[in-house]
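What the coordinates show
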Amino acid sequence: MPHPSFLDEIETRSGVTVSECYQCCRCTNGCPVARDMGIVPHRVIGHILNGQRDKVLASTSPWKCLQCATCSLRCPNGIDIAHVFETLRQLAIESGLAVKNDVWHFDHLIIDSVARHGRLCELATIIRYRLSKKEFLKDAAMGLDMMKKGRIGLSSHNVRDRKRLGTVIRDMRERRDT
Amino acid sequence: MISLSYYPGCSLTSSSAFYDRSLRKVLTFYGVRLRELEDWSCCGAAAAPAMNEDLADVLSARNIAIAERSGLHLLAPCSACYARTKAGALKIAGHRRMRELVNETLAPMSVSGSVEVKNIIEAFLEYVGVERIAASAAYDIGSIRAVPYYGCLLTRIMDVPSSDDVEDPSGMDVLLNALGAAVLPWQFKTECCGAGSTVTDSDRTAQLSGRIMTMAQKAGANVIVTTCPLCQLNLDLTVHLRRDLADIPVFFLTEIFELALFGSAAGSKHHLISTADIEGSVEILGGDSA
């Protein structure tokens with residue numbers, strides 16, 4: 001069922017004027033991951049224009065996007081498509097329509113680490129992610145080599161002001177998540 | 001003697017700590033003094049803006065607030081830190097709502113968005129200069145056939161004017177030429193390496209970074225040079241993710257400076273793809289090679 005207000009919702013939330021799109025496909029042509037997207041970028045934008053809210057928010061596309069912003073750079077109408085995709089992630093989660101994906105989960109673990117330490121503790125974050133996925137041996141040889149060559153930081157660097165920063169981060173997340 | 005404030009970012013204190021040491025060594029050689037931001041925090045990278053834009057703005061604002069106290073220009077060598085901080089400063093300066101939000105949230109810190117943010121290429125070009133760099137090379141690195149790899153976030157930052165061409169940047173080409181390396185033309189300067197997908201979907205990184213490695217080989221390169229810690233790591237990891245490909249060492253730009261200035265790169269043992277052949281081919285300038 002089309003939701004005619006979906007275009008407004010996206011434009012207000014993202015601040016991007018999606019309605020200027022004339023479906024030239026330049027975003028899709030430049031996208032390094034378009035072939036893995038359920039719906040390719042210019043069609044995502046097309047569906048937004050047509051109010052296909054459920055279809056867009058339930059698609060894998062926002063989660064495949066790597067935020068390289070080639071699409072936004074090449075859009076002849078200056079539409080920041082990469083930013084629209086960030087907005088789609090947030091709306092997909094908030095609406096409960098998001099497909100199961102690891103990206104959101106991993107992003108949360110990263111911000112958790114920042115809330116705790118003020119900085120990203122790489123090793124602890126990756127271990128938490130692997131444990132939560134029960135992927136105990138995934139890329140283990142690669143991890144060992146990285147460890148051997150000193151490419152995984154073992155110590156966490158705590159910011160002195162981390163308590164206050166942690167409170168700020170948690171407050172802002174709750175405000176949006178609820 | 002010039003002083004810059006310095007935002008190393010999380011990667012340069014952990015997985016790419018040797019990049020931090022390399023750039024400090026090289027900039028010290030040129031008389032550039034770095035003053036690390038006091039108690040800096042994570043920029044939020046790609047995770048924060050995807051989750052919550054206000055949170056991303058606050059995270060970048062905190063570091064900008066610290067940088068503004070010194071009045072110095074800010075060097076951010078990591079591409080994500082550079083992009084987040086540079087975009088953040090412009091947004092704070094130009095958008096009243098955001099300026100109010102971050103100042104309210106971070107009080108008693110205060111921030112106006114006035115800081116000048118520079119990446120490492122801009123820092124070399126603007127504060128050291130190409131002539132000085134060309135004159136400073138003590139070792140012959142002419143055996144290096146480099147493809148400069150810029151990645152996404154050095155030039156492609158939305159709503160932020162780039163100091164280089166967005167599709168075909170050349171700042172790193174100029175620096176490598178000045179140091180005496182051969183710079184090869186190729187079309188993959190700003191392609192995406194797979195970014196953070198290495199953890200959640202390593203096949204994606206294998207595909208995208210693998211394509212970059214393949215094209216570097218086709219261009220005839222024996223070295224890939226980058227400035228971004230995540231790009232360096234992802235390309236270096238192709239030794240595990242893409243065993244079918246030739247191994248081309250992936251250097252940080254400052255390590256090529258080390259080779260040209262000092263004849264060796266101090267962090268070579270941290271490379272996953274061996275750099276030994278390249279380091280072995282560097283000779284002292286004017287020395288007797290026989």
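The structure presented is a predicted model; accordingly, all values stated were derived computationally and were not measured.

A word on the nonpolar core
Residue and element names in this part refer to chain B. Counting residues in each nonpolar core, the largest one holds 145 residues, and the members touching the most others are Leu179, Ile224, Val225 and Ile256. Broken down by element, this core gets its largest block of residues, nine residues, from helix H3 (residues 53–70). Apart from residues no more than four positions distant in its own chain, Ile256 is found in contact with Ile141, Leu176, Leu179, Ala181, Val225 and Phe251.

What about the confidence of the model for chain B?
Within chain B, residue pLDDT values average 96, and 99% of them lie at 70 or more. Across the predicted assembly, pTM comes out at 0.96 and ipTM at 0.94.

Some points on the sheet that holds strand E4 (residues 117–118) of chain B
Residues and elements named next belong to chain B. Spatially, E2-E1-E3-E4 is the arrangement adopted by the four strands of the open sheet, whose pairing is parallel. The open sheet terminates on both sides in strands that have one partner only, identified here as strand E2 (32–36) and E4. For strand E1 (residues 2–6) and E2, the ladder comprises five bridges, and the chain directions are parallel. From the neighbouring strand, Ile2 faces E2, where its bridge partner is Val32.

Structural notes on the interface of chain A and chain B
Across the boundary between the two partners, chain A contributes 44 residues, which contact 38 residues of chain B. Within the residue set of the side of chain A that touches chain B, elements represented by two or more residues are helix H6 (70–74), helix H7 (81–95), helix H8 (102–117), helix H9 (122–133), helix H10 (140–148) and helix H11 (162–177) of chain A. A per-element tally of the side of chain A that touches chain B places H8(A) first, with seven residues. Classifying every residue of the side of chain A that touches chain B by side-chain character gives 21 nonpolar, eight polar and 15 charged.

Some words on the domain arrangement of chain A
In terms of domain boundaries, chain A breaks down into domain 1 (6–95) and domain 2 (102–177). Its C-alpha centre places domain 1 of chain A at a distance of 28 Å from the equivalent point of domain 2 of chain A.

The rules behind these values
Within every chain, residues take consecutive numbers counted from 1 along the sequence as written. By the order in which they are written, chains take letters starting at A while ligands take numbers starting at 1. Residue-level local features of this predicted model are given only where pLDDT is at least 70; pairs of side-chain atoms are given and counted only at 80 or more, and the full residue set underlies all totals for whole chains, interfaces and linings. Residues of type Ala, Val, Leu, Ile, Met, Phe, Trp, Tyr and Cys that are buried and joined through C-beta atoms within 7 Å form what is called a nonpolar core. Residue burial here comes from a neighbour count, namely the number of other C-beta atoms, placed from the backbone, that lie within 10 Å of the residue's own C-beta, with 20 or more meaning buried, 12 or fewer meaning exposed, and in between meaning partly exposed. Where helices and strands are cited, they refer to DSSP runs of H or I of at least four residues and of E of at least two residues respectively, numbered from the N terminus. Throughout, a pair of residues is in contact if the C-beta atoms placed from their backbones lie within 7 Å. Residue-level confidence of the predictor is summarised by pLDDT, bounded by 0 at the bottom and 100 at the top. A pair of strands is considered paired only if DSSP assigns at least 2 bridges between the two. Asp, Glu, Lys and Arg are counted as charged, while Ala, Val, Leu, Ile, Met, Phe, Trp, Tyr, Cys and Pro are counted as nonpolar; the rest, among them Gly, fall into the polar class. For each domain, the first and last residues come from an automatic or database assignment.

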